[in-house]
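Residues per chain, in single letters:
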Amino acid sequence: MLENKPNIVLANKDEAYTVVGTRPPRHDALDKVTGYARYAADISLPGLLYGALLRSPHAHARIRSIDTSKAKALQGVKAVVTSAELPDLSGKIADLGEGNRANYNFMSNNILAGPKALYKGHAVAAVAAVSQIIAEEALSLIKVDYEVLTAVLSAREAMKDGAPILHEGANTLAGPEARPPSGAAPAKPTNIANRLEFKLGDVAEGFKQADVIVERETHTKAVHQGYIEPHSATAQWHADGNITIWSSSQGQFMVRDQTSTVLGIPVSRVKAIPMEIGGGFGGKLVVYLEPVAALLSRASGGQPVKLTMSRTEVFEGTGPTSGTHITVKLGATKEGRLVAAETHLVYEAGAYPGSPVGAGTRCILAPYDIPNAYIEGLDVVINVPRSVAYRAPGSPAAAFAMETAIDEMCRTLKMDPIEFRLLNAAKEGTRQATGPVFARIGFVEVLQAAKDHPHYHTKLNGRYRGRGVASGFWFNASGPSAAIASVNADGAVSLVVGSPDIGGTRTSVAMQLAEVLGIPVDRVKPTVADTDSIGYTSVTGGSGVTYKTGIACYEAAQDIKRQMLQRAATIWNIKPEDVEYTKEGVLQHKSDPNLKFTFAQLAGRLNNTGGPIVGRATVNPRSPGNAFATHLADVEVDPETGKVYVLRYTAIQDAGKAIHPTYVEGQIQGGVAQGVGWAINEEYFFNDQGRMMNPSFLDYRMPTSLDLPMIDTVIVEVPNAGHPFGVRGVGEVPICPPLATICNAIYDATGLRFSELPMSPSKVLAALKAAGKNGA
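My aim in this report is to walk through the structure given alongside it, one point at a time. (Residues numbered from 1 in each chain as written. Predicted model: local features only at pLDDT ≥ 70, side-chain atom pairs only at ≥ 80, totals over all residues. Heavy atoms only, no water.)

## Digging into the packing of aromatic side chains
In total, this model carries 17 aromatic pairs according to the counting rule given. Centroid distance Phe-443 to Phe-628: 5.0 Å. Interplanar angle 25°. Geometry classified as stacked. Note that Phe-443 is positioned in helix α13 (residues 443–452) and Phe-628 in strand β27 (residues 627–637), a separation of 185 residues in sequence. On the basis of relative accessible area, Phe-443 is assigned to the buried category, the value being 0%. Residue classification places Phe-628 among the buried residues on the basis of a relative accessible area of 0%. Measuring from centroid to centroid gives 5.6 Å for Tyr-554 and Phe-725, while their planes differ by 85°, and the two rings are edge-to-face. In this pair, Tyr-554 sits in helix α16 (residues 545–572) while Phe-725 sits in the loop between β29 (711–716) and α19 (738–750), placing the two residues 171 residues apart along the sequence. One aromatic cluster in this structure is built from Phe-315, Tyr-684, Phe-686, Phe-697 and Tyr-700. We note Lys-329 situated over the ring of Phe-207; from NZ or CZ to the ring centre the distance is 4.4 Å. (Phe/Tyr/Trp six-rings, centres within 6.5 Å; stacked < 30°, edge-to-face > 60°. Helix = DSSP H or I, 4+ residues; strand = E, 2+ residues; numbered from the N terminus. Buried < 20%, exposed > 50% of the residue type's maximum accessible area, 1.4 Å probe, protein only. Lys NZ or Arg CZ within 6 Å of the ring centre and 35° of its normal.)

## What about the sheet that holds strand β17 (residues 338–350)?
With mixed pairing, 5 strands are arranged side by side in an open sheet as β10-β18-β17-β16-β11. On the outer flanks of this sheet lie β10 (192–200) and β11 (212–220), each paired with one strand and no other. Strand-to-strand twist in this sheet, taken as the mean axis angle between neighbours without regard to direction, amounts to 5°. As judged from the 8 bridges shared by β10 and strand β18 (residues 373–381), these two strands associate in the antiparallel manner. Bridge assignment links Leu-196 to a residue of β18, and that residue is Gly-377. (Pairing = 2+ DSSP bridges. Axes fitted to C-alpha atoms, helices over the stretch in contact; angles between N-to-C directions.)

## Re the side chain of Lys-284
Along the chain, the position of Lys-284 falls in the loop between β14 (270–274) and α8 (290–299). Given a relative accessible area of 1%, Lys-284 falls into the buried group. A distance of 2.9 Å separates a polar atom in the side chain of Lys-284 from the backbone oxygen of Glu-229. Not counting chain neighbours up to four residues away, the residues in contact with Lys-284 comprise Tyr-227, Glu-229, Pro-230, His-231, Ser-248, Ser-249, Gln-250, Met-254, Ile-277, Gly-278 and Gly-279. (Polar contact = N/O pair within 3.5 Å; in protein donor to acceptor, adjacent residues only side chain to side chain. Contact = heavy atoms within 4.5 Å.)

## Topic: empty space enclosed by the protein
A complete count under the given rule lists 7 cavities of 30 Å³ or more for this structure. Taken as a whole, the largest cavity spans an internal volume of roughly 70 Å³. Taken together, His-231, Ser-232, Ser-248, Ser-249, Met-254, Val-255, Lys-284, Val-286, Val-287, Tyr-288, Leu-289 and Glu-290 make up the lining of the largest cavity. Residue composition of the lining of the largest cavity, grouped by class: 6 nonpolar, 4 polar and 2 charged. (1 Å grid on protein atoms, 1.4 Å probe; cavity = no way out; pocket = protein on both sides within 12 Å on 5 of 7 lines; lining within 4 Å. Points joined across faces, edges and corners; volume = space filled by probe spheres on them. Nonpolar A, V, L, I, M, F, W, Y, C, P; charged D, E, K, R; others polar.)

## Here we look at the nonpolar core
Leu-330, Ile-364, Leu-365, Met-402, Tyr-649, Ile-742 and Met-759 are the most contacted members of the largest nonpolar core, which has 106 residues in total. At 10 residues, the largest contribution of residues to this core is made by helix α11 (residues 395–413). In contact with Leu-330, other than residues within four places in its own chain, are Phe-207, Val-212, Ile-213, Val-214, Leu-338, Ala-340, Ala-341, Met-402, Ala-405, Ile-406 and Met-409. Judged by nonpolar contacts, the second largest core, of 47 residues, contains Val-497, Ile-560, Ala-569 and Phe-599. (Core = buried A, V, L, I, M, F, W, Y, C linked by side-chain atoms within 4.5 Å.)

## Some details on the pattern of salt bridges
Across all of its chains, the model carries 38 salt bridges by this definition. In this structure, Arg-440 engages Glu-445 in a salt bridge whose closest nitrogen and oxygen atoms are separated by 3.0 Å. Connected through salt bridges with shared partners, the residues Arg-26, Asp-28, Lys-32, Glu-276, Asp-501 and Arg-506 form a single ionic network. (Salt bridge = Lys/Arg side-chain N within 4 Å of Asp/Glu carboxyl O.)

## Examining unusual backbone geometry
Here Leu-757 and Pro-758 are connected by a cis peptide whose omega angle stands at 0°. As for its placement among the helices and strands, Pro-758 is situated in the loop between α19 and α20 (761–770). Positive phi, normally seen in glycine, also occurs at Phe-281, with a value near 55°. With respect to the secondary-structure elements, Phe-281 resides in the loop between β14 and α8.

## Quick notes on the pairing of strand β8 (residues 123–129)
Of all 7 residues making up β8, 7 are buried, and the element is well covered by its neighbours. Note that strand β2 (residues 49–55) and β8 share 6 bridges and pair antiparallel. Along β8, the bridge assignment pairs Leu-53 with Ala-126.

Right, here's the structure in full:
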């Protein structure tokens, strides 16, 4: 039995680290709490112009013409642009790896609408003026001639015969019932943009072996990431043809590359400077404003232009996660062994292809060892904003479907939900339905920790109170990363990386460098550099920064160690192999104790004994380590109002190695809070014309501290062999289990099984009334 305390770290007892596993203050903490940190909207430059975007009032409309003459004539207006100023990128496709491809023409048209406006809020023109008021006045003078078309607002509508087609000439795929031979063109226009299929074993035979079969169908609505800082970008197109961009994003190299592609110029012409970021959660992995600001700057003769979204624009003009429709069929023996699974996932991509259905197919069955499985995924376009990533994109909705079906199976078999999961848990060597075989993973250890937690054994009393259990999976991601570390004369190390910090990663990567060098982490000075000052670094996403950039910093530190050993040997006139580097950061002769330097002492002599020492590393590690989590929740349902109160919540997760346990705990707690909001409050609410009716934080209800209990955490440490300290990404998997955890708890409390999110008070109350269970 584990201790009954809020936050537990089940650390490996045989590890002996000095810095890793400790809880130092954030390097950027003082600047952020005192207001000195600079965000994108804080930029102010000489001659700065203010931009504004004209957005479509229609969810689906053909743009016949745009007349900007009156807007251009308004005093104070310096530039007006439309998609006519963008190059034609038709047919330009980028291979993003792992089967993902990007159509750059779609990206360009999402930034400024081309032949069609495909959602209410779609940007169609932009203005730059000497003041924000004049820019917004100029928008009212732009005349757009629209041919209003019928909007399609759900995947189920979009897949029907005769449904309005969003992209008549696009290379979309026919549905499974009308799919042409491999390599052939679609038989007819369709809104199904992509189809994925995975098979393992013999599914039909597997269901024949099953004693119990459970089938579930679930539906989720689009939800927003809820970052506090709206999108903002400032761009200046210089006279020499180069562009400088200041913006907050999850990757300045992504900003550079996407902007250069959309504008049709070389990447070397674009310098992207990362500002501090006020939250992203996947929502700032694409550009919306940067290319437009650059176009306005060029059209105004090179004056810098700033574009900043309002909160309503964020909701209506940027991407939420997908709405989904998922069916799950499970077969198990009477002993509780899963023998077959069949799943169909339909994800709403929004106006352009690219929903996270691929990730959903990878995640839905991943926690379990199921010998016979079939997975189908469909990516469907509809007339709402294009979906983008949101924390473990695709996985939470998949886990909601799978884990509620698992709960129903456990109840049918009268098995303990954790024992059932332990019996069927994936482990090292398990082949996933999507193909890969798991390396060392910690799902069994996570389940055992959940089983041993006092929360699981505490008696829950009271009417309409219940306990839920659910698990979740995220594969984690990696990518190229670079680090440069310079040793200063006083023994401090200046560390430059290319990963924007949205979760404390300045400190988590600095800690890895400090551990290798044997110096205190407060002697490391981390900086996030612009695209001209550090090697290419992939985006801050996929829970990958502490892993990939941590490895880059680890290797840069090893480079410093090698040079420091060589320098000490040169000073002492001995061979480098006769010098050892201790974990306390001391360089000493292996046999002569009188020959010794501390790190700081040798640092002070570098410039006069051969010059400065700079450690460098560029990496692209490929083993980020999979992440698993299991959550426990106690809820109480108010029979008079339908409101769900979360009484207690415990999240157990394998972190591989918690570099900074406080940050890991914070990531887990943040993911749980977002998942609980997704489960019981949050949704994009559209009317029948495609207008979002709740585009503000007043009406889009996210949970606050008043809605949540203290979220207890248990960090399990099953090291990832692909990282020198065993790190696994931690930021995304905590949002995967809460949807099903809360749903299963509500069932335990009321006997009512919900299949559609959110489980809002009105829906819960209606279900209670229908079942005759409302009232005290």
